[in-house]
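Take a look at the letters that make up each chain.
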Amino acid sequence: MLDGIKVIDFSHYLPGPFASLRLADLGAEVVKIEPKTGDMMRKLTDDCIFEANNKNKRSIAVDLKNVQDADAVRQLISQADVVIESFRPGVMRRLRLSYEDVYALNPSIVYCSISGYGQHSRYASFGSHDLNYMALTGMLAQFKDESGRPVHPTITLADFIGSIHAVEQIVSALYARERMGKGRYIDLSLVDGLLSMMTNHIVLEHHTGQKNGIPILAGTVVSYHLYETKDGRYMALAALEAHFWRNFCAAVGKFEWYEGHLSAACDDNSLFLDMKQLFRMKTFQQWIAFSEQVDCCLTPVLETDEVKTQFANNAYRKMIHINNDQMEVATRYDEHFLRSAHVRQKSMNTNIFY
Ligand SMILES: CC(C)(COP(=O)(O)OP(=O)(O)OC[C@H]1O[C@@H](n2cnc3c(N)ncnc32)[C@H](O)[C@@H]1OP(=O)(O)O)[C@@H](O)C(=O)NCCC(=O)NCCSC(=O)C(=O)O
């Protein structure tokens, strides 16, 4: 879909690389510009993480502070459609690779700067990471333990949402360029991307005082809740509509529960106690078997190593697959793409990492 689009990607860590991976998987030709010392993600974590976020791209290692290397990169940019960078604001200007510098070389460029706080805010010069963005947007406050302490997230939501936000903006800018003949600059803040996911929480609290988002989706009713099984695993029941709840009640032989569809998930409610007891009567596997028979929005809460095996649909869609002995997760479903994707491309010169 993005065949013929050339992306020069200076970004490091996760948000920019995952954005350019998505563009590569959509057909763009991506050249990753790395420092000669390597991307930080190579140093901070396992190689497989670097590979997973940078497959399907070419890569060159250059010293951007060296005049010859910088000129070679400018040459690449002059023929490119998109530039992505995610340094602290000001870095690209010092390297003489700011939007204005690049625009002078290639006025139709779509140039996306990814940062924590935007390019010009009071906080722009501060370094920052996913945990900071989660903390500053109210997102982290959504994950608390029973004593009210925030739980350290084990997924970098701001990074991933920022990547998708960047792709959305870049693809829109490319589309606008088709119609109007002009590129543009995108000032993409990871906080902004995450904040937009807090829309419902912020709006609802402002207008009604209601905390923690839409109550009916936040575990407050019996039909939309997590239940523990006999063997200590969990099932996610999301029978929001009356017909799903009816199906559930019928399948467990409890027609008398029907009226309690949206009753409170609290221990004062005998129906909730009965539901908890019911779920503790069967094992996780027995509830999985039940969930595959009854159309009631019931699913197992899977561990990471189970997502491929315990939900047949994930295997059927081939989003997770083994390619040349490497575990891969696709960025989108497309039968043709999945057959041909992820062939590692050849390096551009002798300085390359792969
Ligand atoms: C991630 C950062 C905190 C890292 O901060 P720093 O380590 O202090 O790096 P900076 O970006 O300030 O500067 C990078 C420096 O490396 C130099 N540099 C970079 N590439 C090159 C090459 N190829 N050659 C020579 N020099 C280079 C660049 O010129 C800068 O030098 P000087 O000009 O001499 O300074 C920051 O980049 C940042 O806030 N970025 C925006 C938001 C972001 O991406 N956050 C991380 C999300 S990922 C995440 O949260 C996570 O994974 O965890």
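These figures come from a predicted structure and were not determined experimentally. (Residues numbered from 1 in each chain as written. Predicted model: local features only at pLDDT ≥ 70, side-chain atom pairs only at ≥ 80, totals over all residues. Heavy atoms only, no water.)

A look at the overall build of the chain
Test applied: Only DSSP runs of H or I reaching four residues or more are called helices, and only runs of E reaching two or more are called strands; each is numbered from the N terminus. The classification of residues rests on relative accessible area computed with a 1.4 Å probe and restricted to protein chains. Under 20% of the type maximum is buried, over 50% is exposed, and intermediate values are partly exposed. In what follows, residue pairs with any heavy atoms lying within 4.5 Å of each other are defined as contacts. Calculation of accessible area relied on Shrake-Rupley with a 1.4 Å probe; when residues are assessed, cover is drawn exclusively from the protein chains displayed. Charge counting follows a simple rule: Lys and Arg are positive, Asp and Glu are negative, and His as well as the terminal groups are ignored. For the purpose of locating charges, the reference atoms are NZ of Lys, CZ of Arg, CG of Asp and CD of Glu.
Scanning the chain from N- to C-terminus turns up 15 helices and eleven strands. Across its three principal directions, the C-alpha atoms of the chain cover 75 × 50 × 40 Å. Counting over 354 residues, the chain shows a buried share of 42%. Sequence separation of 24 or more characterises 64% of the internal contacts of the chain that already satisfy a separation of 6 or more. Here the chain displays about 19400 Å² of accessible surface, and carbon together with sulfur accounts for 53% of that area. Once the 37 positive and 42 negative side-chain charges of the chain are each reduced to a mean point, those two points are 5 Å apart.

Here's the deal with the nonpolar core
Our working definition: Throughout this description, the term nonpolar core refers to a set of buried Ala, Val, Leu, Ile, Met, Phe, Trp, Tyr and Cys residues connected via side-chain atoms within 4.5 Å.
Core analysis: the biggest nonpolar cluster contains 31 residues, and V7, L23, V82 and I170 have the highest contact counts within it. At the level of elements, α1 (15-25), β4 (82-85), β5 (110-115), α7 (130-136), α8 (157-180), β6 (184-189) and α9 (190-196) are the ones that each hand at least two residues to this core. In terms of residue count, the dominant contributor to this core is α8 (seven residues). Apart from residues lying up to four places away in sequence, I170 is in contact with L23, V82, I84, V110, C112 and I186. Counting residues in hydrophobic clusters, the runner-up holds 24 residues, among them W257, M275, V294 and L298.

Structural notes on the site of the ligand
The line we're drawing: Throughout, near means a residue has at least one heavy atom within 4 Å of the molecule or strand. As used in this structure description, the phrase polar contact means that two N or O atoms lie within 3.5 Å; if the pair is within protein, one of them must be able to donate a hydrogen and the other to accept it, and residues adjacent in sequence are counted only when both atoms belong to side chains. Think of it as three bins: nonpolar holds Ala, Val, Leu, Ile, Met, Phe, Trp, Tyr, Cys and Pro, charged holds Asp, Glu, Lys and Arg, and polar takes everything else, Gly as well.
Around the ligand, a shell composed of 25 residues is seen, among which V62, L64, K65, R88 and D130 lie nearest. Note that a nitrogen atom of the ligand is positioned 2.9 Å from one of the backbone N or O atoms of L64. One of the side-chain nitrogen or oxygen atoms of K65 is found 2.8 Å away from an oxygen atom of the ligand. Burial of the ligand by the protein amounts to 77% of the accessible area it has alone, namely 1000 Å². Taken together, the residues of the shell around the ligand sort by class into eleven nonpolar, seven polar and seven charged.

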